[in-house]
Structure formats: C-alpha cells, structure tokens
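# Observations on chain architecture
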Amino acid sequence: MAKKKKAKSSGNTICQNKKARHEYTISDKFEAGLSLAGWEVKSLREGRAQLVDSYIIFKNGEAWLVGAHFTPLKTACTHVVADPTRDRKLLLHKREISNLIGAVQAKGYTCVALSLYWKNDRVKCEIALVKGKKQHDKRADEKEKDWNRQKQRLMAAK
C-alpha cells in the first residue's frame with residue numbers, strides 16, 4: 001500500500017496581507033477557492049504573489065479578488081498575455097456570498113484577503129470581514145505587542 005503524504009504545516013502559506021491585520025479589526029474569516037490560469041499557479045508555486053492592496057468586490061452574485069498581484073514567470077508560455085493584476089473569481093457557496101454581501105452593505109464591513117495558501121494541492125484564499133481601526137486603536141495594539149515582547153524577555157532571562 002502506498003503511504004499518504006502528510007501535509008506540512010509550515011510552507012503551506014504562499015503570501016499574507018500583514019497590512020490588513022494592522023489596519024483593520026478582523027471579525028469573521030472565510031476560506032475561498034480561487035479560479036486561476038495555468039501561469040498563475042506556476043508563479044504561486046514560486047511564491048510570486050502579493051496581497052498588499054487587495055480587496056473583495058461582489059458583482060452579479062459572485063465574489064472577485066481585486067488588486068492581487070501575481071508576477072508572471074519569465075519562462076511562462078509566450079502566446080498567453082499575462083495580466084498580473086486581473087480580477088480573479090473566488091469560489092464560495094451562495095449562502096456564504098449572501099452573508100458577506102449583507103454584512104458589507106448593511107453593517108458597514110469591508111471584505112479583504114488575508115492570505116493565500118495551499119490546501120490539498122489547491123490554492124485557497126483566506127478572506128475576512130473587517131472594520132477599519134482608528135489611530136488610537138493602532139497605538140494601543142502596538143503598546144500591547146511591545147509589552148508582551150518585554151514580558152517574554154523577562155521570563156526568558158529568569
């Protein structure tokens with residue numbers, strides 16, 4: 001019998017949107033599939049993706065990832081014109097899409113992409129409903145992080 005390969009816990013992440021974690025308060029997270037072209041999958045295997053200014057929009061009952069940048073490889077197919085910032089369709093259930101649309105329109109949330117990662121040889125996108133932080137909230141979070149780092153250093157010194 002062939003042994004199944006165990007999924008590595010580290011190395012699954014392709015890229016993260018660290019700016020979103022700093023700028024927004026995250027309320028709900030969802031996992032979505034991503035509809036990609038062949039050259040995009042190859043560039044993701046090389047780790048050439050950025051989610052810095054990406055967000056999710058809803059058109060005709062579908063979710064779209066806008067602003068994500070997938071750098072094309074130099075050795076990719078030459079007869080295909082690679083658009084690195086094209087809109088990519090997110091694969092979600094209708095129930096999830098309707099929940100997201102309702103939260104964005106009625107409650108004032110924004111939907112952003114937090115990370116891209118591999119799951120069973122498929123690319124998944126972690127998306128979240130977020131609200132913007134105020135400047136004083138950002139400062140308080142930074143103070144808390146610094147204090148936690150100091151606590152860890154003090155405990156390690158003892």
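Numbers given for residues are sequential positions, taken from 1 along each chain in its written order. It should be noted that, the model being predicted, local features are given only for residues of pLDDT at least 70 and side-chain atom pairs only at 80 or more, the latter also being counted only at that level, while totals for whole chains, interfaces and linings use all residues. With hydrogens and water stripped out, all remaining heavy atoms of the structure feed into the side-chain values.

### Side note on the sheet that holds strand β2 (residues 24-34)
Two strands are said to pair when DSSP picks up at least two bridges between them. Under the DSSP-based scheme used, a helix requires at least four consecutive residues in state H or I and a strand at least two consecutive residues in state E, with every element numbered from the N terminus. Overall, antiparallel pairing links the 7 strands, which are arranged β1-β8-β9-β2-β7-β5-β4 in an open sheet. Where the open sheet ends on each side, the last strands, each with one partner, are β1 (13-16) and β4 (55-59). The average angle at which neighbouring strand axes cross in this sheet is 40°, direction not considered. Contacts are residue-level and defined by heavy atoms, with any inter-residue pair within 4.5 Å sufficient. Fitted lines through C-alpha atoms give the axes, limited to the stretch in contact for helices. The angle between two N-to-C directions lies from 0 to 180 degrees. The strands touched by helix α2 (residues 38-45) within the sheet are β1, β7 (88-91), β8 (110-119) and β9 (122-132), with β8 carrying the most contacts at an inclination of about 75°.

### Section: the packing of aromatic side chains
Two aromatic rings, drawn from Phe, Tyr or Trp (for Trp, its six-membered ring), form a pair once their centres lie within 6.5 Å of each other, and the interplanar angle then sorts them: stacked below 30 degrees, edge-to-face above 60, tilted otherwise. Taken as a whole and judged by the stated rule, the model has 0 aromatic pairs. Two limits define a charge over a ring: the Lys NZ or Arg CZ must be within 6 Å of the ring centre, and within 35 degrees of the ring normal. Lying across the ring of tryptophan 64, lysine 59 places its NZ or CZ 5.5 Å from the centre. The ring of tyrosine 109 carries the charged tip of lysine 131 above its face, separated from the ring centre by 4.9 Å.

### A few points about the pairing of β8
Think of it in three bands: with a 1.4 Å probe and only protein chains considered, a residue is buried below 20% of the maximum accessible area for its type, exposed above 50%, and partly exposed in between. When you tally the buried positions in β8, you get 8 out of 10 residues, the bulk of the element. As defined by bridge partners, β1 adjoins β8 across 3 bridges and the pair is classed as antiparallel. Opposite threonine 13, over in β8, you have tyrosine 117 as the bridge partner. Linking two consecutive strands that pair antiparallel, namely β8 and β9, is a turn of 2 residues; a positive phi of about 55° is found at asparagine 120 within it.

### As for the environment of arginine 48
Residue placement: arginine 48 occurs in the loop between α2 and β3 (49-50). On the basis of relative accessible area, arginine 48 is assigned to the partly exposed category, the value being 39%. Separated by 21 residues in the primary sequence, arginine 48 and histidine 69 place their C-alpha atoms 8.3 Å from one another. Not counting chain neighbours up to four residues away, the residues in contact with arginine 48 comprise Ser43, His69, Phe70, Thr71 and Leu73.

### Points about the confidence of the model for the protein
As a per-residue measure, pLDDT reflects the predictor's confidence and takes values from 0 up to 100. Overall, the predicted model of the protein reaches an average pLDDT of 84, with 91% of residues at or above 70. Note that pLDDT drops below 50 for residues 4-9; the model gives that stretch 0 contacts with residues more than four away or on any other chain.

### Concerning the state of the cysteines
For this text, the term disulfide refers to a pair of cysteine sulfurs within 2.5 Å. Per the stated rule, a full pass over the model turns up 0 disulfides. Free cysteine: cysteine 111, not disulfide-bonded; nearest cysteine sulfur from cysteine 125 at 8.7 Å. With relative accessibility at 2%, the residue cysteine 111 sits in the buried group. No disulfide involves cysteine 125; its sulfur sits 8.3 Å from that of cysteine 15, the nearest cysteine. On the basis of relative accessibility, which here comes to 0%, the residue cysteine 125 falls in the buried class.

### Quick look at the pattern of salt bridges
When the charged atoms of two side chains with opposite charge come close together, those side chains can pair. We define a salt bridge as a side-chain nitrogen of Lys or Arg found within 4 Å of a carboxyl oxygen belonging to Asp or Glu. Taken as a whole, this structure holds 9 salt bridges when the rule is applied. Notably, a salt bridge pairs glutamate 40 with arginine 88, separated by 2.9 Å at the nearest N-O pair. Here glutamate 40, found in helix α2, pairs with arginine 88, found in strand β7; they are 48 residues apart in sequence, far enough to count as distant. The buried category is assigned to glutamate 40, whose relative accessible area is 0%.

### Examining α2
Turning to α2, its buried residues are Trp39, Glu40, Ser43 and Leu44. Along α2, the residues classed as buried sweep out an arc of 140° about the axis, all on the same side. With respect to the buried face of α2, the exposed residues turned more than 90 degrees away are Gly38, Lys42 and Arg45. Looking at the buried side of α2, the elements it contacts are β1, β3, β6 (69-70), β7, β8 and β9. Glycine 47 occupies a position one or two residues after α2 and carries a positive phi of about 80°. The arc in question is traced by the directions running from the helix axis to the C-beta atoms.

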